[in-house]
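If you want the building blocks of each chain, they are given just below.
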Amino acid sequence: MKKVGFLALAGGIGYIIALYLPELPGLMGTVTFTGTVAAMAGAAVGIPISEKKSTRLYLGVAVLCVAVFILGLALYRGVAQGEPGAGAAFFAYLSTAVMFFPIGLLVEVTGIRIWGD
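First, a word on what this report is: a plain description of the structure on this page. This is a predicted model, so every value here is computed, not measured.

**Looking at the packing of aromatic side chains**
At step 1: According to the stated counting rule, one finds two aromatic pairs in the structure shown.
At step 2: An angle of 25° between the planes, with centres 6.0 Å apart, marks the rings of Phe 6 and Trp 115 as stacked. One end of the pair, Phe 6, is in helix 1 (residues 2-19); the other, Trp 115, is in helix 4 (residues 86-115), with 109 residues separating them in the sequence.
At step 3: A residue is classified by how much of its surface remains accessible, and Phe 6, at 11% relative accessible area, is buried.
At step 4: Assessed through its relative accessible area of 56%, Trp 115 is described here as exposed.

**Considerations on helix 3 (residues 55-81)**
At step 1: The terminal C-alpha atoms of helix 3, which comprises 27 residues, lie 39 Å apart, in line with the 39 Å expected from a rise of 1.5 Å per residue.
At step 2: One side-chain oxygen at the N-terminal end of helix 3 lies 3.4 Å from the backbone nitrogen of Arg 56; it belongs to Ser 54.

**Considering the side chain of Thr 34**
At step 1: Here Thr 34 is to be found in helix 2 (residues 28-50).
At step 2: Take Thr 34: its relative accessible area is 18%, and that puts it in the buried class.
At step 3: Beyond its immediate chain neighbours, meaning those up to four positions away, Thr 34 contacts Tyr 93, Thr 96 and Ala 97.

**Thoughts on the nonpolar core**
At step 1: Ranked by internal contacts, the top residues of the largest apolar core, which has 19 residues, are Leu 21, Leu 24, Val 31, Tyr 76 and Phe 100.
At step 2: Those elements that provide at least two residues to this core are helix 1, helix 2, helix 3 and helix 4.
At step 3: A per-element tally of this core places helix 4 first, with seven residues.
At step 4: Discounting chain neighbours no more than four positions away, the residues touching Leu 21 are Met 28, Val 31, Tyr 76, Met 99 and Phe 100.
At step 5: Residues Ile 49, Tyr 58, Val 61 and Leu 105 belong to the second largest nonpolar core, which totals six residues.

Rules of the game
Residues numbered from 1 in each chain as written. Predicted model: local features only at pLDDT ≥ 70, side-chain atom pairs only at ≥ 80, totals over all residues. Heavy atoms only, no water. Phe/Tyr/Trp six-rings, centres within 6.5 Å; stacked < 30°, edge-to-face > 60°. Helix = DSSP H or I, 4+ residues; strand = E, 2+ residues; numbered from the N terminus. Buried < 20%, exposed > 50% of the residue type's maximum accessible area, 1.4 Å probe, protein only. Expected span 1.5 Å × (residues − 1). Polar contact = N/O pair within 3.5 Å; in protein donor to acceptor, adjacent residues only side chain to side chain. Contact = heavy atoms within 4.5 Å. Core = buried A, V, L, I, M, F, W, Y, C linked by side-chain atoms within 4.5 Å.

Take a look at the structure:
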């Protein structure tokens, strides 16, 4: 049951952080939704990872998540500063998913690692 709770927590954190992203005219509702769903998907992927007991795996996942988050944030900022269009909207959604997936993964893995199964 804790795993589902952390999944919901990841979705809530993803929603709150998505509200603070730079505004894209006409896309903020779907960008917020994409961020929430991507965070929950990351948490769902984090469930099998959290069942492993390797500290190196956790460290590797954490470093990879930070790197992917920074990449997603850079992509999103690039779209936010440009002219929104059909191609820009696709990259806005893609970068939002890339940015929020690791947030959900880290919330799930860290929560289960700290509070147990």
